[in-house]
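What follows is the residue order along each chain.
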Amino acid sequence: MPSIFTKIVAGEIPSYKVAETDDYLAFLDIRPMREGHTLCIPKREVDYYYDLTDEELQGLTLFCKQVAAAIRSVIPCNRIATAVLGLEVPHAHVHLVPVDSMRDFAFGRHLEIPSEQMAALAQRIAAAYTA
């Protein structure tokens, strides 16, 4: 059965897309730790991050770097924290979270952001994204 992320890639489930290439997709997390919390995924469904090919890992890392730069240009923050946990959804993904301190990065804590605000934020990050 396809993962929820595979359904997002296929357009079966809506998302707040911020960047896309032929192989990767970045979209806002709908349960963000902080405003701008973004997920970067390979379009090819692979459950475990380290089961990606070397080329996919390299490509995903470079894609994440470009997305992080776009987030940081839109969301004032000290850094973009990066995490690969891989237990929530059986599809490899990277969390990019704008942070000012370690307390800002906390799985289990989620903000409720109105959909209009999420859509506007996604558009601002997408406009800042350069491949």
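Look up a bit, the structure's there.
Remember, predicted model here, so these are calculated numbers, not experimental data.

Draft legend 1. A look at the side chain of Asp-29. Along the polypeptide, Asp-29 turns up in the loop between β2 (24-28) and β3 (38-42). Dropping the residues within four chain positions of it, Asp-29 is found in contact with His-37, Thr-38, Leu-39, His-95 and Met-118.

Draft legend 2. Local environment of the pattern of salt bridges. For the coordinates displayed, the defined rule picks out five salt bridges. Salt-bridge contacts for Asp-100 lead to Arg-34; the nearest nitrogen and oxygen are separated by 3.5 Å. In this pair, Asp-100 sits in the loop between β5 (94-99) and α3 (115-128) while Arg-34 sits in the loop between β2 and β3, placing the two residues 66 residues apart along the sequence. The partly exposed category is assigned to Asp-100, whose relative accessible area is 43%. The partner of Arg-34 in a salt bridge is Asp-104, with the nearest N and O atoms 2.6 Å apart. Of the two residues, Arg-34 is situated in the loop between β2 and β3 and Asp-104 in the loop between β5 and α3; the sequence distance between them amounts to 70 residues. Its relative accessible area of 15% is what places Asp-104 among the buried residues. Several salt bridges share partner residues, and in doing so they unite Lys-17, Glu-20 and Lys-43 into one network.

Draft legend 3. Structural context of the sheet that holds β2. Taken together, the five strands give an open sheet; going across it, the order is β1-β2-β3-β5-β4, and neighbouring strands pair in antiparallel fashion. Edge positions in the sheet fall to β1 (17-20) and β4 (79-83), since each of these pairs with one other strand and no more. Ignoring strand direction, the axes of neighbouring strands in this sheet form an average angle of 20°.

Draft legend 4. Spotlight on the state of the cysteines. Counted by the stated rule, this structure contains zero disulfides. Between Cys-77, a free cysteine, and Cys-40, which holds the nearest cysteine sulfur, the sulfur-to-sulfur gap is 14 Å.

Draft legend 5. Representation of the packing of aromatic side chains. Applying the stated rule across the entire model yields six aromatic pairs. When the ring of Tyr-48 is compared with that of Tyr-50, the centres are 5.9 Å apart and the planes differ by 70°; the resulting orientation is edge-to-face. Given a relative accessible area of 56%, Tyr-50 falls into the exposed group. Measuring from centroid to centroid gives 4.9 Å for Tyr-49 and Tyr-50, while their planes differ by 85°, and the two rings are edge-to-face. You can call Tyr-49 buried: its relative accessible area is 13%. Clustering of aromatic rings is evident, with ring pairs tying together Tyr-24, Phe-63 and Tyr-129.

The rules behind the values
Residues numbered from 1 in each chain as written. Predicted model: local features only at pLDDT ≥ 70, side-chain atom pairs only at ≥ 80, totals over all residues. Heavy atoms only, no water. Helix = DSSP H or I, 4+ residues; strand = E, 2+ residues; numbered from the N terminus. Contact = heavy atoms within 4.5 Å. Salt bridge = Lys/Arg side-chain N within 4 Å of Asp/Glu carboxyl O. Buried < 20%, exposed > 50% of the residue type's maximum accessible area, 1.4 Å probe, protein only. Pairing = 2+ DSSP bridges. Axes fitted to C-alpha atoms, helices over the stretch in contact; angles between N-to-C directions. Disulfide = S-S within 2.5 Å. Phe/Tyr/Trp six-rings, centres within 6.5 Å; stacked < 30°, edge-to-face > 60°.

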